[in-house]
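Residues per chain, in single letters:
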Amino acid sequence: MKIVPSRESELKKSNVDLKAENSKLINQTNELSERISILSTEFAITSDLKENQDTEISSFKNQMQSRRTQIISLQNELKEKQRYLKNCWDKIKLLEKTLGVDSATKQPSAPKNSDYNNCKACGRGIEYCICAG
């Protein structure tokens, strides 16, 4: 097969154009590969950051739930101690009343309804008298 010289020149020019186009496409392919690599790296970093953020959020939520539980526990403990304290205070009042102790002065008080066995000097019951009168 013999190629006509004018056609040969066209084919060489076409071949040169195709090689240039091929080189241009190879360069574009390399640039796209670099961009894909950069985007893949950025995506991996972003994914890691999101995973870390999700882990931190989960950890924070767990801490808040733990603190909420501690607060409720402390509130219940406080209520229990307040009930115990009120119970003790009621027992003290009852003992003071039973023993005849004046709540304000913490001193023995005289029996209220009778002068029987009262000290003439201080008015207290003889068993509670402090003046030995």
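Residues numbered from 1 in each chain as written. Predicted model: local features only at pLDDT ≥ 70, side-chain atom pairs only at ≥ 80, totals over all residues. Heavy atoms only, no water.

Asker: Residues and numbers for the overall build of the protein chain, please.
Answerer: For the protein chain, the helix and strand inventory stands at one helix and zero strands. Counting over 133 residues, the protein chain shows a buried share of 5%. Taking all contacts inside the protein chain whose residues are at least 6 apart in sequence as the whole, residues at least 24 apart take part in 3%. Accessible surface computed for the protein chain: about 12100 Å², of which carbon and sulfur atoms make up 58%. (Helix = DSSP H or I, 4+ residues; strand = E, 2+ residues; numbered from the N terminus. Buried < 20%, exposed > 50% of the residue type's maximum accessible area, 1.4 Å probe, protein only. Contact = heavy atoms within 4.5 Å. Areas by Shrake-Rupley, 256 points an atom, 1.4 Å probe, with all protein chains shown as cover.)

Asker: Pulling in residues and values, what's your account of the pattern of salt bridges?
Answerer: Taken as a whole and judged by the stated rule, the model has five salt bridges. Residue Lys13 pairs with Asp17 through a salt bridge whose shortest N-O separation is 3.7 Å. Taken together, the residues span about one helical turn, with Lys13 and Asp17 both in helix α1 (residues 5-99) at a distance of four residues. Put simply, Asp54 and Lys50 hold a salt bridge, and the shortest N to O gap is 3.1 Å. Linking Asp54 with Lys50, this pair stays in helix α1, spanning four residues, or about one helical turn. (Salt bridge = Lys/Arg side-chain N within 4 Å of Asp/Glu carboxyl O.)

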